[in-house]
Amino acid sequence: MIAAVWRGGKISLEELPNPVIKKEDEVIIKVLASGICGTDLHVFSGKAQGKDGVIRGHEFSGRVVEIGKDVKGIKVGDLVAVDPNITCGHCYFCKRGEINLCENLIALGVDINGGFAEYCVVPYKQLYVFSEKISPIEGAMMEPVACALHGIERLNVGPGDTVLIVGGGALGLVLLQLAKLSGASKVFLVEKVEWKRKIAKDLGADIVIDPLKENVEEIVKENTYGRGADVGIEAVGKTETVKTVLGSVRRGGKVLIFGVSSPEDLLSISPYDIYFRELTIMGSFVNPFTNSRALSLIEEGMIDVKKIVSHRFSIEKIDEAIKVGLSGDALRVIINF
Ligand SMILES: [Zn+2]
Ligand SMILES: [Zn+2]
């Protein structure tokens with residue numbers, strides 16, 4: 001099979017033997033769609049480390065072609081979306097239900113072979129069956145939508161909340177839709193690329209802001225009786241945009257760091273400001289127990305993921321796909337088979 005392997009600091013297209021079932025709880029899927037995540041782009045551009053010799057791709061769907069003897073509830077021919085995060089079930093965090101913080105977490109497409117290949121072996125408990133009424137590309141979006149859902153649940157966004165989202169990339173646009181679904185009365189979306197702001201409008205953003213031409217803090221305050229937003233989400237991964245969010249939330253506001261910044265980035269922050277304004281600052285990491293509901297939202301048309309897939313490429317053109325992803329002029333870029 002053809003596969004895109006991270007090897008020697010670059011993506012290498014290789015002809016590899018098809019994977020085989022080694023444990024009886026495993027399933028082989030024929031990959032149909034596999035998204036290029038921002039975290040993949042960090043690796044491809046040298047901003048983050050990637051494990052050498054691993055087939056990347058952790059946002060994928062496919063069709064089951066073979067199952068081990070101990071597999072339950074999944075049959076050959078099923079369309080499935082993959083939760084790439086494999087947890088141990090026995091560490092301190094797993095036993096407390098905080099499975100995303102598992103000490104032994106390994107992820108398909110990060111630590112072990114993933115979805116930028118024609119076939120992939122996956123433990124069956126990582127799979128979510130979906131119907132033919134959605135496409136494999138929509139199925140592949142389960143994982144990123146599940147990450148955004150975890151973020152929204154961390155913030156406990158509720159009816160009547162005003163929400164600021166800085167960053168109108170694929171995930172910013174999913175966060176926007178989830179905020180609206182949760183009852184947010186006003187969502188501000190900050191994005192410097194005009195066509196992405198237009199999609200944000202189509203997807204329900206109440207006020208879109210161009211940070212290159214407009215003052216985000218001022219606009220948010222003007223539209224919240226001078227207070228600032230109840231909730232602010234940073235979905236870019238830059239210290240500058242974290243500052244924008246901190247400056248735009250109200251007293252008692254909640255701030256979510258959702259974007260993935262570089263591990264070296266540092267932010268100077270006023271402890272007095274956090275104290276006096278009683279701010280809550282939190283992170284959100286992957287997608288514990290949110291995949292099933294994310295898939296349901298996609299299947300029932302509650303979340304539109306079609307609008308946030310901007311490009312599709314065959315695996316042979318993965319270099320071009322990565323280039324488009326890194327250009328900033330794309331939303332989700334999908335490898336389809
Ligand atoms: Zn991802
Ligand atoms: Zn664990």
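Residues numbered from 1 in each chain as written. Chains lettered and ligands numbered in written order. Predicted model: local features only at pLDDT ≥ 70, side-chain atom pairs only at ≥ 80, totals over all residues. Heavy atoms only, no water.

This part covers the overall build of the protein. For the protein, the helix and strand inventory stands at 11 helices and 18 strands. Relative to the compact-globule value of 20 Å for 337 residues, the protein shows a C-alpha radius of gyration of 20 Å, a close match. Each principal axis of the C-alpha distribution contributes one length, and for the protein these read about 60 × 40 × 40 Å. Expressed as a percentage of its 337 residues, the buried residues of the protein come to 53%. For the protein, the share of sequence-separated contacts (at least 6 apart) that also reach a separation of at least 24 residues comes to 68%. Here the protein contributes 40 positive and 44 negative side-chain charges, whose respective centroids are spaced 2 Å apart. (Helix = DSSP H or I, 4+ residues; strand = E, 2+ residues; numbered from the N terminus. Rg over C-alpha atoms; globule rule 2.2 N^0.38 Å. Buried < 20%, exposed > 50% of the residue type's maximum accessible area, 1.4 Å probe, protein only. Contact = heavy atoms within 4.5 Å. Lys, Arg positive; Asp, Glu negative; His and termini not counted. Charge placed at Lys NZ, Arg CZ, Asp CG, Glu CD.)

Now for the packing of aromatic side chains. This structure, assessed with the given rule, holds four aromatic pairs. Ring geometry for tryptophan 6 and phenylalanine 44: centres 5.7 Å apart, planes at 35°, overall tilted. Taken together, the positions of tryptophan 6 in strand 1 (residues 2–7) and phenylalanine 44 in helix 1 (residues 38–44) put the pair 38 residues apart, joining distant regions of the chain. Note on accessibility: tryptophan 6 and phenylalanine 44 belong to one class, buried. (Phe/Tyr/Trp six-rings, centres within 6.5 Å; stacked < 30°, edge-to-face > 60°.)

To continue, consider the pairing of strand 6 (residues 79–82). Covered by surrounding structure in strand 6 are Leu79 and Ala81 together with Val80 and Val82, the residues of both alternating faces. Here three bridges tie strand 5 (residues 59–67) to strand 6, and the two strands are oriented antiparallel to one another. Bridge pairing in strand 6 links glycine 62 to valine 80. Taken together, the four bridges between strand 6 and strand 10 (residues 127–130) define a ladder with antiparallel strand orientation. (Pairing = 2+ DSSP bridges.)

Glancing now at helix 8 (residues 239–248). Those residues of helix 8 that fall on the buried side of the exposure criterion are Thr241, Val242, Val245, Leu246, Gly247 and Ser248. Where helix 8 is buried, its residues contact strand 11 (162–166), helix 7 (216–222), strand 14 (229–234), strand 15 (249–257) and strand 16 (280–283).

It is worth spelling out the environment of leucine 256 at this point. Inspection of the secondary structure assignment puts leucine 256 in strand 15. Leucine 256 gets classed as buried once you look at its relative accessible area, which sits at 0%. Between the C-alpha atoms of leucine 256 and asparagine 291, which are 35 residues apart in sequence, the distance is 20 Å. Sequence-distant contacts of leucine 256, defined by excluding residues within four places in its chain, comprise Gly151, Leu155, Gly232, Ile233, Glu234, Met282, Gly283 and Ser284.

At the metal site, the zinc ion (ligand 1) is ligated by Cys37 (SG), His58 (NE2) and Glu59 (OE), and these contacts range over 2.1 to 2.6 Å. Each donor residue of the zinc ion (ligand 1) lies on one chain, and together they are spaced C-x20-H-E. Among the residues examined, histidine 58 registers a relative accessible area of 7% and is labelled buried. (Donors = N, O, S within 2.8 Å, 3.2 Å for Na, K, Ca; no water.)

The subject of this paragraph is the domain arrangement of the protein. Annotation of the protein at the domain level lists domain 1 (2–141 + 305–336) and domain 2 (148–283). For domain 1 and domain 2, the distance between their C-alpha centres works out to 29 Å. The interface is formed by 11 residues belonging to domain 1 together with 14 residues belonging to domain 2. Summed over both partners, the interface of domain 1 with domain 2 buries about 1000 Å², with 67% contributed by carbon and sulfur atoms. When the area that domain 1 buries against domain 2 is broken down by residue, the three leading residues are Lys307, Ile308 and Leu331, summing to 46%. The interface formed by domain 1 and domain 2 holds four residue pairs in polar contact (both at pLDDT 80 or more) in total. When grouped by side-chain class, the residues that make up the side of domain 1 that touches domain 2 number three nonpolar, five polar and three charged. (Domains from an automatic or database assignment. Buried area = accessible area lost by both parts, 1.4 Å probe. Polar contact = N/O pair within 3.5 Å; in protein donor to acceptor, adjacent residues only side chain to side chain. Nonpolar A, V, L, I, M, F, W, Y, C, P; charged D, E, K, R; others polar.)

Quick look at the sheet that holds strand 15 now. Read from one edge to the other, the open sheet built from six strands follows the order 13-12-11-14-15-16, with strand pairing classed as parallel. Strand pairing shows two members of the sheet lacking a second neighbour, strand 13 (207–209) and strand 16, which therefore form its edges. On average, each strand axis in the sheet is tilted by 15° relative to the strand beside it, whichever way the strands run. Examined bridge by bridge, strand 12 (residues 186–190) and strand 13 share three bridges and lie parallel to one another. In the sheet register, valine 190 faces strand 13, and the bridge partner there is isoleucine 209. Strand contacts of helix 5 (residues 170–181): strand 11, strand 12 and strand 14, with the helix running at about 175° to strand 12, the strand carrying the most contacts. (Axes fitted to C-alpha atoms, helices over the stretch in contact; angles between N-to-C directions.)

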